[in-house]
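Residue strings, one per chain:
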Amino acid sequence: MKIEKLKLNNFHYLLIFIFLLSCLLVRAANDMMPFVETQYVFNYKFEFLKRGLLGELFRLSFDKVNSQIIYIVSFFFLLILSIYFFKIFFLDFNKEKNIHKFIFSIMVFTSPFTMQHFIFDIGRQDIINLLITFLSFFFIEKFHKKNLLLAFMLLLNLSVMLLIHEGSFFMFIPIIFGFWFFKNPHKDNLLIKLALFFIIVFITFVISTQGLSTHFTFQELNNYLLNRYFLPYDIDKIVFIQTSALHVLFRDLFNTYDPFVPHSIIEDAIINGFNIDGLINNIILILLLSPAFFIVYKIYLNILKSSDLRTKFFLILPFSPFVLFIFGYDHMRWWSLIFTNIFIVILFLCKEKKTYQSIIINNVKEYKFLYYFLVLESFLLGPVRVIGTFDVVQKIIY
């Protein structure tokens, strides 16, 4: 049956959104991880700290920051992200209704790589920075012909992203520059793009090197945070301080600056990520979600055959989080960001050219049963997590 006969209106889409999001929340909901929660109490009260912007806003906005406040605000941003995901994955993509496009939308929205991952990893800075990425895309769409104004707006956006998490330099900033180049590839603004890029590189370097803690030692900071956010509160409000989250404030790529922080960033990533468990987790993910890899490969292959240089450049940039495999052992998180970026780029390309929509439609027609399988599998496997493999696999193995 063709989807035109369903005559979906806004109310129908609202019901679909509520139903799908409710199913995903039931399957993927998780308590906020202590590592994530701890970083919400980084702030600028004593000194400038990397990843301290959100904590500073919390400190200035609330008299007593506790876990309930952190969770409520985090859930709000998660809800906003889910609404925007639904907008681009369903509403924008299905303006010209087609059953095959609708199937693609369901597969993307319910994928373990996308909304399920962010539900599981509630509170992670990636959620807010992904929303800032969408805001940047909006600015580029509206102002891509006004080079200086757009450069200034992007400078503000990207600076905020880096202050929230300096890793955004590899997570989202590349696809923002890629979209800007896609919308305006003219040589006359190339110098502006390059100038902004080097400014962003400099800001990333400053935050990464100057955002370390010098006011406290590791033990002093840990004791201060425990006395400030853990001991005074009832059990339902305490902020769980995870010591490994504090490590980021006492090390850089190659060095540590406190005897209680054993490894630099790269050492930590190699020791804890490139081991037997890490290898097994990556293999399990690739094998179980191989249909998603295959579908993306076929879509990419067809788009690349019919695209120009700027489109090819835009298509390559979602893979930038691969760099993070040498900076952190959150391998499952990096896979999620890669696929989320891929789906975002594909759907934004479909907005620009109907030829790419036809590629999606033909792909769904050809591999329809793979899509059905992926939707079913997404609920069976649950979310792509952060470090460990899928929960159902862990139950079998352990």
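The rules we used
Residues numbered from 1 in each chain as written. Predicted model: local features only at pLDDT ≥ 70, side-chain atom pairs only at ≥ 80, totals over all residues. Heavy atoms only, no water. Patch = residues over 30% accessible without salt bridge, like charges linked within 9 Å, V, L, I, M, F, W, Y side chains within 5 Å. Areas by Shrake-Rupley, 256 points an atom, 1.4 Å probe, with all protein chains shown as cover. Salt bridge = Lys/Arg side-chain N within 4 Å of Asp/Glu carboxyl O. Helix = DSSP H or I, 4+ residues; strand = E, 2+ residues; numbered from the N terminus. Buried < 20%, exposed > 50% of the residue type's maximum accessible area, 1.4 Å probe, protein only. Contact = heavy atoms within 4.5 Å. Phe/Tyr/Trp six-rings, centres within 6.5 Å; stacked < 30°, edge-to-face > 60°. Lys NZ or Arg CZ within 6 Å of the ring centre and 35° of its normal. Polar contact = N/O pair within 3.5 Å; in protein donor to acceptor, adjacent residues only side chain to side chain.

> Give me the lowdown on a nonpolar patch on the surface, citing residues and values where you can.
A cluster of nonpolar side chains, Tyr71, Phe75, Phe76, Leu79, Ile80 and Ile83, forms an exposed patch at the surface whose accessible area comes to about 490 Å². Among the structural elements, Phe76 can be located in helix H4 (residues 67–92). Residue Phe76 is classed as partly exposed on the basis of its relative accessible area, which comes to 47%.

> Pulling in residues and values, what's your account of unusual backbone geometry?
With a phi angle near 65°, Arg51 is a residue other than glycine that sits in the positive phi range. Tracing the backbone shows Arg51 in the loop between helix H2 (34–38) and helix H3 (53–61). Judged by its relative accessible area of 11%, Arg51 is buried.

> Please give an account of the environment of Phe293 that cites residues and values.
Its place among the elements puts Phe293 in helix H16 (residues 290–305). When the C-alpha atoms of Phe293 and Phe339 are compared, they prove to be 9.0 Å apart, with 46 residues separating the residues in sequence. Sequence-distant contacts of Phe293, defined by excluding residues within four places in its chain, comprise Phe113, Leu285, Ile286, Trp335 and Phe339.

> For the packing of aromatic side chains, give the residues involved together with the corresponding values.
In this structure the tally under the stated criterion is 50 aromatic pairs. Relative to Phe104, the ring of Phe93 lies with its centre 5.7 Å away and its plane at 55°, an arrangement referred to as tilted. Here Phe93, found in the loop between H4 and helix H5 (99–110), pairs with Phe104, found in helix H5; they are 11 residues apart in sequence, far enough to count as distant. Phe104 carries the same exposure label as Phe93, and that label is buried. Through successive ring pairs, a cluster of aromatic residues spans Phe93, Phe104, Phe113, Phe293, Tyr300, Phe319, Phe322, Phe325, Trp335, Phe339, Phe343 and Tyr371. Over the ring of Tyr229 we find Arg228, and its NZ or CZ is 4.9 Å from the ring centre. Over the ring of Phe182 we find Arg310; its NZ or CZ atom is 4.7 Å from the centre of that ring.

> Tell me about the side chain of Ser105, residues and numbers included.
For Ser105, the position within the fold is in helix H5. Within the structure, the side chain of Ser105 is placed 2.5 Å from the backbone oxygen of Phe89, a separation counted as a polar contact. Ignoring sequence-local partners within four residues, the contact set of Ser105 consists of Phe89, Phe90, Phe93 and Asn94.

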